[in-house]
Amino acid sequence: SSGINAEWPLRPGTAPWTRVNHNGNSADNAGNASRYDAVLPHFPSGKTKRCVLRLRYNISTDDYDPFQTDANDNENTQEGVRSPVEQNPLVDVGANARPLRLAINTNQYGRTFQDRSHVFKIVARTTAMAGKVIHNLNVRGKRGNIVQTYPAVEYDFIPGRATISKDDLVHIQWTGANNHNNQPNGGDGQTGDAGEGTGGTDRSNFLEMQGEIENYPVPFENTTFWSKVESLTNPAATAKDLFVSMMSSGYYCGAAANAGCAANQVIGTKQPALNNLLNNAPASYFGHVLKFKEALSVAYMCSRNNNFSNRSQKGILWVVEKEQAANAKRSTRKASLDFKKEKSTDCDSALIPLL
């Protein structure tokens, strides 16, 4: 009854192209993670909505009609039903040669591999956010090294590289947990819990760097980002408040008390002091919706998880004029299409969805 905007429901589209069974980056996304960028609904009612997102990972085959084949086609000799596929069948390859065996596991044919649901809330916008595009900048991945996290990934910001209009907003936030249990058998990856800080816990923070190839944060006094943004989540927050909040993953709400930050939640008052590995900081962080005062660029990192040579939790954000942002989006799209045209002469061209 409250109504939603015209961007909803989610728009269907072709999945990004990757090589077969590859869980990683895609040329369709300019070398970034294969993903679907969803536009979440805006509810004019101003009421918080509790939502459920269901994700299913399906795999199909053209070895039989995927739309007309179901459990009724399972092998049943008594009823005279022949399955369209057999376990490790022997096939005649001709030339009077002996049959060869194919590696076919019928349990892997035409099935759903993953079926997961996630619960989240869409909270009401403030008046200052009305009519604005809000980009979500958060954290993907989980605790562990590259083999322990497979088929997921190690911690990373998502998107890791983005160009947006200075008329848009960005919400820096993330979720995490304190109860990972990657014990034997370790699932698809290896058993283990590689990482910094207390085992089994997620932690992230947001710190400015001088450039994206750096691995050291800039002290607040030398930063340029915080003075060029303002919070629409807590308009009373100063540049230093925003720095302190994101540096501490919300353990401190700011540098000093203000209308949106209690006096017992700031540096120098809240005890115990912040652990240098963020062990006593929250795993999840509501963060701030930021408005930009001018065009800018900022490279950023997480102090706990950016482990040089092991994992990189860094990113870069370009905030530009509206037309420049539109051109950047078109350029990324063109690069994707050029890649597909180039691939059209390869032996696996039939697997590439041409848009």
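Higher on the page you've got the structure.
Throughout this description, residue numbers start from 1 for each chain and increase along the sequence as written. Two thresholds apply to this predicted model, a pLDDT of at least 70 for residue-level local features and 80 or more for giving and counting side-chain atom pairs, whereas whole-chain, interface and lining totals are computed over all residues. Hydrogens and water are ignored here; the side-chain numbers use all heavy atoms of the structure.

J.: Explanation requested: the layout of surface pockets in the structure shown.
T.: Empty space among the atoms becomes apparent when a probe as large as a water molecule is rolled across them. For cavity detection a 1 Å grid was placed over the protein atoms alone, and a set of points counts as a cavity when a 1.4 Å probe fits there but cannot get out; an open set counts as a pocket when protein lies on both sides within 12 Å along at least five of seven lines, with lining residues being those that have an atom within 4 Å of a point. Grid points are joined across faces, edges and corners, and a volume is the space filled by probe spheres set on the points. What the second largest pocket holds in volume is close to 350 Å³. Here the residues of the lining of the second largest pocket are counted per class, giving six nonpolar, eight polar and four charged. Here the nonpolar group is Ala, Val, Leu, Ile, Met, Phe, Trp, Tyr, Cys and Pro; Asp, Glu, Lys and Arg are the charged ones; every other residue, Gly included, is treated as polar.

J.: Help me out: how do you make sense of the pattern of salt bridges in this one?
T.: Side chains bearing opposite charge may pair, as long as their charged atoms lie close to each other. Only one rule defines a salt bridge in this text: a Lys or Arg side-chain nitrogen within 4 Å of an Asp or Glu carboxyl oxygen. According to the stated counting rule, one finds 10 salt bridges in the structure shown. Put simply, Lys-166 and Glu-321 hold a salt bridge, and the shortest N to O gap is 4.0 Å. Here Lys-166, found in the loop between strand S9 (161–165) and strand S10 (169–174), pairs with Glu-321, found in the loop between strand S15 (314–320) and helix H2 (322–343); they are 155 residues apart in sequence, far enough to count as distant. Think of it in three bands: residues with accessible area under 20% of the maximum for their type are buried, residues over 50% are exposed, and the middle band is partly exposed, with areas taken using a 1.4 Å probe on protein chains only. By relative accessible area, which is 26% here, Lys-166 ends up partly exposed. For Glu-321, a relative accessible area of 40% puts it in the partly exposed group. Linking Lys-228 and Glu-294 is a salt bridge whose minimum nitrogen-to-oxygen distance equals 3.9 Å. In this pair, Lys-228 is assigned in the loop between strand S11 (207–209) and strand S12 (229–231) and Glu-294 in the loop between strand S13 (285–292) and strand S14 (296–301), connecting sequence segments 66 residues apart. Accessibility expressed as a relative area gives 38% for Glu-294, which makes it partly exposed. Counted as one network, the salt bridges with shared partners bring together Arg-54, Arg-56 and Asp-115. Helix numbering and strand numbering both begin at the N terminus, where a helix is a DSSP run of H or I of at least 4 residues and a strand a DSSP run of E of at least 2.

J.: Quick question: what am I supposed to make of helix H1 (residues 239–247) here?
T.: Three or four residues apart is the spacing at which side chains of an α-helix point the same way, because the helix has 3.6 residues per turn. A large share of H1 lies buried, amounting to seven of its nine residues. Within the sequence span of H1, burial applies to Asp-241, Leu-242, Phe-243, Val-244, Ser-245, Met-246 and Met-247. In this structure, the buried residues of H1 make contact with S10, S11, S12 and S13. Among the residues trailing H1, Ser-249 stands out with phi positive, at a value near 55 degrees. Contacts between residues were defined by any pair of non-hydrogen atoms, one from each residue, lying within 4.5 Å.

J.: Help me out: how do you make sense of the packing of aromatic side chains in this one?
T.: Geometry of an aromatic ring pair is reported as the spacing of the ring centres plus the angle between the planes. Pairing of aromatic side chains requires ring centres within 6.5 Å, counting the rings of Phe and Tyr and the six-membered ring of Trp. Pairs whose planes differ by under 30 degrees are stacked, by over 60 edge-to-face, and all others tilted. Enumeration according to the criterion identifies 11 aromatic pairs in this entry. Both rings, one in Phe-206 and one in Phe-225, keep their centres 6.1 Å apart while their planes meet at 45 degrees; by these two values the pair is tilted. Taken as a pair, Phe-206 in the loop between S10 and S11 and Phe-225 in the loop between S11 and S12 lie far apart in primary sequence, 19 residues in all. An identical accessibility class is assigned to Phe-206 and Phe-225; each is buried. Judged by centre distance (6.5 Å) and plane angle (75 degrees), the ring pair of Trp-226 and Phe-243 falls under edge-to-face. One end of the pair, Trp-226, is in the loop between S11 and S12; the other, Phe-243, is in helix H1, and 17 residues separate them in sequence. Taken together through their ring pairs, the aromatic side chains of Phe-157, Phe-206, Phe-220, Phe-225, Trp-226, Phe-243 and Tyr-300 make up a single cluster. Directly above the ring of Tyr-251 sits Lys-270, whose terminal nitrogen or CZ lies 3.9 Å from the centroid. Here, a charge over a ring means that NZ of Lys or CZ of Arg falls within 6 Å of the ring centre while also lying within 35 degrees of the ring normal.

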